[in-house]
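One letter stands for each residue in the lines below.
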Amino acid sequence: MIDPFGRSISYLRVSVTDRCDFRCTYCMAEDMTFLPKKDLLTLEELDRLCSAFIAKGVRKLRITGGEPLVRRNVMQFFRAMSRHLASGALEELTLTTNGSQLEKHAAELAECGVKRINVSVDTLDPAKFKEITRWGDLATVLKGIKAAQAAGLKIKINAVALKDFNEHEIPDLMRWAHGEGMDLTLIETMPLGEIDIDRTDQYLPLSKVRADLARQFTLTESSHRTGGPARYLSVAETGGRLGLITPLTHNFCESCNRVRLTCTGTLYMCLGQDDAADLRAPLRSSESDDLLHAAIDEAVGRKPKGHDFVIERRGETAAVPRHMSMTGG
Ligand code: SAM
Ligand code: SF4
């Protein structure tokens, strides 16, 4: 699948549910309205859709949400996808999770061929963790991380950089992650969906974080890539890697190889644009996959050049109305 700008699409992110057991302040409002369960694709339908993408050249599949591990019977879906790893059609099956259910599922994820996962941890202070996630418990997440390490999964920690919240904790977060043999990736807040607070109060450019870190650490550009949007720095003092995802300070669209599928079968060709393609209708209208393949080709054929996120004016509304939990992080 090649888009109009010559980018080859080899990476599919699938949000298997819009629901979550946390309510991170930058991601969701506290009283979120979720989709009625009847609107969700079944796990069998998600299987058919993902398999169609894999047949068309997707090599990397990331399962996300909402919180993917709260979707009922989600491990059945991982089992089903693992057949594409076994056949060699898929290179990597992976997951982004808040870690709340990881203790329970880590061993089975490893059995399904998952090798690396991303776990989101924005702070190591239990009270602040509760404040930012509203409903989360840090100790449970840390137990989940231990279980995942014991199962042999490689972990990357994702943290959203938030002004006046974890800004001064980033060195500690990095020392902890690297000390545990985990990469750390920092993400800038993106203006996705209405939340209860003003995003301008949270926005912390990673250019500033990097300059602050450079006063304490020796940072050198690394050629390491994971197929995602992060650019990596090697940190001499910790021997670890620091990823930076900078959709706002630096445009990361040139090398975009991704499309995103929601749990209702809507395909978003760009996280920061409204244009989407409905794949549920072609999926349901025929037993054969021909219509589906045609709809995927048509959608990839109109993948936009890039997003236009800006968070500069106080009180500005979201760049796109949907939340990250819908299109998946
Ligand atoms: N629930 C899982 C988790 O938290 O890892 C997976 C879904 S979550 C939407 C994926 C990632 O997106 C998380 O690392 C989260 O911190 C990040 N995220 C959510 N809303 C965001 C926003 N508005 N800007 C930047 N990152 C965001
Ligand atoms: Fe849930 Fe992840 Fe959004 Fe937090 S960032 S509310 S854990 S989906």
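Figured I'd write up the structure that's included with this text.

Rules behind the numbers
- Residues numbered from 1 in each chain as written.
- Chains lettered and ligands numbered in written order.
- Predicted model: local features only at pLDDT ≥ 70, side-chain atom pairs only at ≥ 80, totals over all residues.
- Heavy atoms only, no water.
- Core = buried A, V, L, I, M, F, W, Y, C linked by side-chain atoms within 4.5 Å.
- Buried < 20%, exposed > 50% of the residue type's maximum accessible area, 1.4 Å probe, protein only.
- Contact = heavy atoms within 4.5 Å.
- Near = heavy atom within 4 Å.
- Polar contact = N/O pair within 3.5 Å; in protein donor to acceptor, adjacent residues only side chain to side chain.
- Areas by Shrake-Rupley, 256 points an atom, 1.4 Å probe, with all protein chains shown as cover.
- Helix = DSSP H or I, 4+ residues; strand = E, 2+ residues; numbered from the N terminus.
- Nonpolar A, V, L, I, M, F, W, Y, C, P; charged D, E, K, R; others polar.
- Pairing = 2+ DSSP bridges.
- Right-handed = clockwise from strand over helix to strand, strands pointing away.
- Salt bridge = Lys/Arg side-chain N within 4 Å of Asp/Glu carboxyl O.
- Arc of directions from axis to C-beta.
- Axes fitted to C-alpha atoms, helices over the stretch in contact; angles between N-to-C directions.
- Parallel < 35°, antiparallel > 145°, perpendicular 65-115°, else oblique.
- Left-handed = near helix turned anticlockwise from the far one by under 90°.

1. Remarks on the nonpolar core
In terms of nonpolar packing, the biggest core is built from 96 residues, with Leu12, Leu61, Phe78, Ile157 and Leu267 touching the most fellow members. If near-sequence neighbours (up to four positions away) are discounted, Leu267 is found in contact with Leu12, Phe53, Val259, Arg260, Leu261, Asp275, Ala276, Ala277, Leu279 and Ala299.

2. Concerning the site of ligand 1
Not every one of the 19 residues close to ligand 1 is listed here, only the nearest: Tyr26, Gly66, Ser120, Val160 and Met190. At a separation of 2.7 Å, a nitrogen atom of ligand 1 approaches a polar backbone atom of Met190. Summarising the interface, the protein chains cover 96% of the accessible area of ligand 1, which totals 540 Å² for the free molecule. If you list the elements that add at least two residues to the shell around ligand 1, you get strand 3 (92–97) and strand 5 (154–160). Here the shell around ligand 1 is built from residues that sort into six nonpolar, ten polar and three charged.

3. Considering the pairing of strand 2 (residues 60–64)
Taking burial as the measure, the five residues of strand 2 include five buried ones, the bulk of the element. Side chains of strand 2 alternate between two faces, with Lys60, Arg62 and Thr64 and Leu61 and Ile63 buried alike. Where strand 1 (residues 11–15) and strand 2 come together, five bridges link them in parallel fashion. Its bridge partner being in strand 2, Val14 is matched across the sheet by Ile63. Handedness of the crossover is the feature at issue here: the chain leaves strand 1, passes through helix 1 (residues 43–55), returns alongside strand 2, and the resulting connection is right-handed. With four bridges joining them, strand 2 and strand 3 adopt parallel strand pairing. Paired with Lys60 across the strands is Glu92, a residue of strand 3. Regarding the hand of the β-α-β motif, the stretch spanning strand 2, helix 2 (residues 74–87) and strand 3 is right-handed.

4. Brief notes about the side chain of Arg71
By the element assignment, Arg71 lies in the loop between strand 2 and helix 2. Reaching out from Arg71, the side chain makes a polar contact with the backbone oxygen of Leu41 at a distance of 2.9 Å. Excluding residues that lie within four positions of it along the chain, Arg71 makes contacts with Val16, Thr17, Leu40, Leu41, Thr42, Leu43 and Leu46.

5. Comments concerning the pattern of salt bridges
According to the stated counting rule, one finds 23 salt bridges in the structure shown. The salt bridge involving Glu92 is made with Lys60; its shortest N-O contact spans 3.6 Å. Of this pair, Glu92 sits in strand 3 while Lys60 sits in strand 2, and the two are 32 residues apart along the sequence. Across the pair, Lys60 and Glu92 agree in class, each one buried. Where Glu169 meets Lys128, a salt bridge forms, and the shortest distance between an N and an O atom there is 3.6 Å. Of the two residues, Glu169 is situated in the loop between strand 5 and helix 6 (170–179) and Lys128 in helix 4 (residues 126–133); the sequence distance between them amounts to 41 residues. Classification of Glu169 as buried rests on a relative accessible area of 12%.

6. Here we look at the site of ligand 2
Taken together, Cys20, Phe22, Arg23, Cys24, Cys27, Met28, Gly66 and Asn98 make up the full set of residues near ligand 2. Counted by class, the shell around ligand 2 contains five nonpolar, two polar and one charged residues.

7. Section: unusual backbone geometry
Of note, Arg134 is a non-glycine position whose phi angle comes to about 60°, a positive value. Within the fold, Arg134 resides in the loop between helix 4 and helix 5 (138–150). Judged by its relative accessible area of 18%, Arg134 is buried.

8. Overview of helix 3 (residues 102–111)
When we look at burial in helix 3, the residues that qualify are Leu102, His105, Ala106 and Leu109. For helix 3, the arc enclosing every buried residue in end-on projection is 130°, short of the 170-degree limit, so these residues lie on one face. Within helix 3, the exposed residues directed more than 90 degrees away from the buried face are Lys104 and Glu111. Residues of helix 3 that are buried in the fold lie against helix 2, strand 3, strand 4 (116–120) and helix 5. In the segment just after helix 3, Gly113 is the residue with positive phi, at about 95°.

9. Topic: helix 9 (residues 290–300)
Of the residues making up helix 9, those classed as buried are Leu292, Ala295, Ile296, Ala299 and Val300. Buried residues in helix 9, looked at end-on, bunch into an arc of 130°, giving them a common side. Packed against the buried residues of helix 9 are helix 1, strand 11 (266–268), strand 12 (276–278) and helix 8 (280–285).

10. Things to note about the packing of helix 2 against helix 3
With their axes 9 Å apart at the nearest point, helix 2 and helix 3 run at an angle of 15° to one another. It follows from the interaxial angle that helix 2 and helix 3 lie roughly parallel. The hand of the helix 2/helix 3 crossing is right-handed. Contacts between helix 2 and helix 3 pair Met75, Phe78 and Arg79 from the former with His105, Glu108, Leu109 and Glu111 from the latter. Class assignment of the residues belonging to the contact of helix 2 with helix 3 gives a composition of three nonpolar, one polar and three charged.

Structural measurements only, silent on function.
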